[in-house]
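Survey of secondary and tertiary structure
One-letter residues, chain by chain:
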Amino acid sequence: MDITRVKQHKEDQVRDWATLPGGVVGKIADNLSLYDYLCFSNVCKTWRSYQEETITLHRNQRSPGFPWLVMSMETEAQTLSCISLLEKNKLWQFEMPSSSGELCWGCIEDWLFIVKHINDFFLMRISLLNPFTGSEVVLPIKDMVNSKLVFSGDPGKQNCVYMLLCYIGSTFDVWIPEAKHWCQCGPEEVTDDLIDLICFKGSFYLLTNEYNIRVLDATHAYSTIQTQGYKKQIDTRFHKIEMSSDIPRENTPCIDIQIFRYMVEFGDGILLIVRFLKDNFKETYDFKVFRLDMSKKEWVKLDSLGDCVIFLGRNCSRCYSTKELGGDMGNCIYFTNGSGFRSWMVDDIKRYCSIEKDDWGVFRLNSDGSERFSQPPVWLTAPLWWYFNKFRP
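Residue positions are given per chain, counting from 1 as you read along its sequence in written order. Thresholds applied to this predicted model are a pLDDT of at least 70 for local features of residues and 80 or more for the giving and counting of side-chain atom pairs; totals over whole chains, interfaces and linings are not thresholded and use all residues. Side-chain metrics rest on all non-hydrogen atoms present in the structure, leaving aside hydrogens and water.

The protein chain is annotated in an unreviewed UniProt entry as DUF295 domain-containing protein from Acer negundo.

On to the pattern of salt bridges. When charged atoms on two side chains of opposite charge get close, those side chains can pair. We define a salt bridge as a side-chain nitrogen of Lys or Arg found within 4 Å of a carboxyl oxygen belonging to Asp or Glu. Tallied over the entire structure, the rule returns seven salt bridges. The partner of Lys142 in a salt bridge is Asp173, with the nearest N and O atoms 3.7 Å apart. One end of the pair, Lys142, is in strand β7 (residues 136-142); the other, Asp173, is in strand β10 (residues 172-175), with 31 residues separating them in the sequence. Each member of the pair, Lys142 as well as Asp173, is classed as buried. In this structure, Lys288 and Asp286 form a salt bridge, with 3.6 Å as the shortest nitrogen-oxygen distance. Numbered from the N terminus, helices here are DSSP runs of H or I no shorter than four residues, and strands are runs of E no shorter than two. Remark: exposure states derive from per-residue accessible area (1.4 Å probe, protein chains only) relative to the maximum for the residue type, with buried under 20%, exposed over 50%, and partly exposed in between.

We now examine the sheet that holds strand β12 (residues 194-200). With antiparallel pairing, four strands are arranged side by side in an open sheet as β12-β13-β14-β15. Every other strand in the sheet has two partners, leaving β12 and β15 (237-239) as the edge strands with one partner each. Strand-to-strand twist of the sheet, defined as the mean angle between neighbouring strand axes without regard to direction, takes the value 25 degrees. Sheet analysis places strand β14 (residues 213-217) next to β15, joined by three bridges and oriented antiparallel. The partner of Ile213 across the bridge, within β15, is His239. Contact between two residues is taken to exist if any of their heavy atoms lie within 4.5 Å; hydrogens are not considered. Lines fitted to C-alpha atoms define the axes here, with helix axes fitted over just the stretch in contact, and angles between the N-to-C directions of these axes take values from 0 to 180 degrees. Packed onto the sheet, helix α5 (residues 218-228) meets β13 (203-208) and β14 and runs at close to 60 degrees relative to β14. For two strands to count as paired, DSSP must find a minimum of two bridges between them.

By secondary structure assignment, the location of Arg318 is in strand β21 (residues 318-321). For the purpose of charge, His is not counted, nor are the chain termini; Lys and Arg are scored as positive and Asp and Glu as negative. Summary of buried charges: Arg318 has no salt-bridge partner, and the nearest side chain of opposite charge, Glu109, is 4.4 Å away. As used in this structure description, the phrase polar contact means that two N or O atoms lie within 3.5 Å; if the pair is within protein, one of them must be able to donate a hydrogen and the other to accept it, and residues adjacent in sequence are counted only when both atoms belong to side chains. Side-chain polar atoms of Arg318 contact the side chain of Thr381, separated by 3.3 Å.

A few words on the sheet that holds strand β19 (residues 298-302). In spatial order, the strands read β16-β17-β18-β19; together these four strands make up an open sheet with antiparallel pairing. Each edge of the open sheet carries a strand with a single partner, namely β16 (257-266) and β19. For this sheet, the mean inter-axis angle between neighbouring strands, taken without regard to orientation, is 30 degrees. When strand β18 (residues 283-293) meets β19, the two strands line up antiparallel, connected through five bridges. By the bridge assignment for β19, Asp293 is matched with Glu298.

We now examine the side chain of Ser203. Structurally, Ser203 can be placed in strand β13. When its relative accessible area of 9% is taken as the criterion, Ser203 is described as buried. When residues no more than four places from it in sequence are discounted, the contact partners of Ser203 are Ile198, Val215, Leu216, Asp217 and Ala218.

Relative to β18, strand β17 (residues 269-278) is paired through eight bridges, and the arrangement is antiparallel. Counted as the bridge partner of Ile273 is Val289 from β18. Between the antiparallel neighbours β18 and β19 lie four residues, among them Lys297 with a positive phi of about 55 degrees.

Structure (structure tokens):
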């Protein structure tokens, strides 16, 4: 083969990736893990343009992002330290404004749920802080923090609805940005206590201690408060859901076993994670997973999560697929120590936000137990657009 033919042969092997149809580029992007997708824009300008458009869309919507462990945000702390699970435990640190007396009660996607005890009673200052954008949303003062907070859309936007669930009793509070105070609500007919809360497809789903579901449409809640003010009742739709009889209904202090329950968005549905503890809430030893079947009005037990991995966290839990994260993490539940523990005492806030307890690790379904770690974090979601800006060449 002469020199001319060798040169022509090499040129024939060169691929002009920039000329691929947009649909093909999209298919390639869809099959990449989140971490591999960071390098996507390095191929050519056309692929970078496609990624920029996609990232902009992700920024305007809720996106999977990267799971992080928030390792420290203590009183007086000025640095937020986080470990990225997908980057071989890389440490990220954020400079935080001085926040005397404030504590991180949990995370909601890429927002920190911050509370501050402001007097000798139960009054708490509540705010949401986004360490990636620097944005802060200050919510009305509430008379206790023993609650779970969720929202229906992007915090700070006028049409966002916030719901605060009290873990003991059957009441919940709703707030919209144009209101001055929380609107305390509850079902007209109290049948069982409300114990967990999730926002799914524009509606709030409330789990009761008998595994039933109450549903409140966020748009309905917004219009009700907007037109009628602080009425005591905002209508919820009650659904009686069947659950296996061998799953406990209540946490009973006099027995050796306690349970925590978490609802998690799972694709187009909702999962219920039942966590079993012993030794006075000190050790997690088992999990059971159920899928909500609204058509049959029952919780369906799952023996496997397939290629999915769930991160259970204080205040908020997330579900990913191994396709998104990459690696061999499927069929696992990552759990933290403070997730779901409920107490009326304000003095307990610091104790349950601290790193004194070590009941956290990873649990693989249908395994012999859990792999344990040494410090208790909360989960934070680092958004994809933030990573794109950091890694952009």
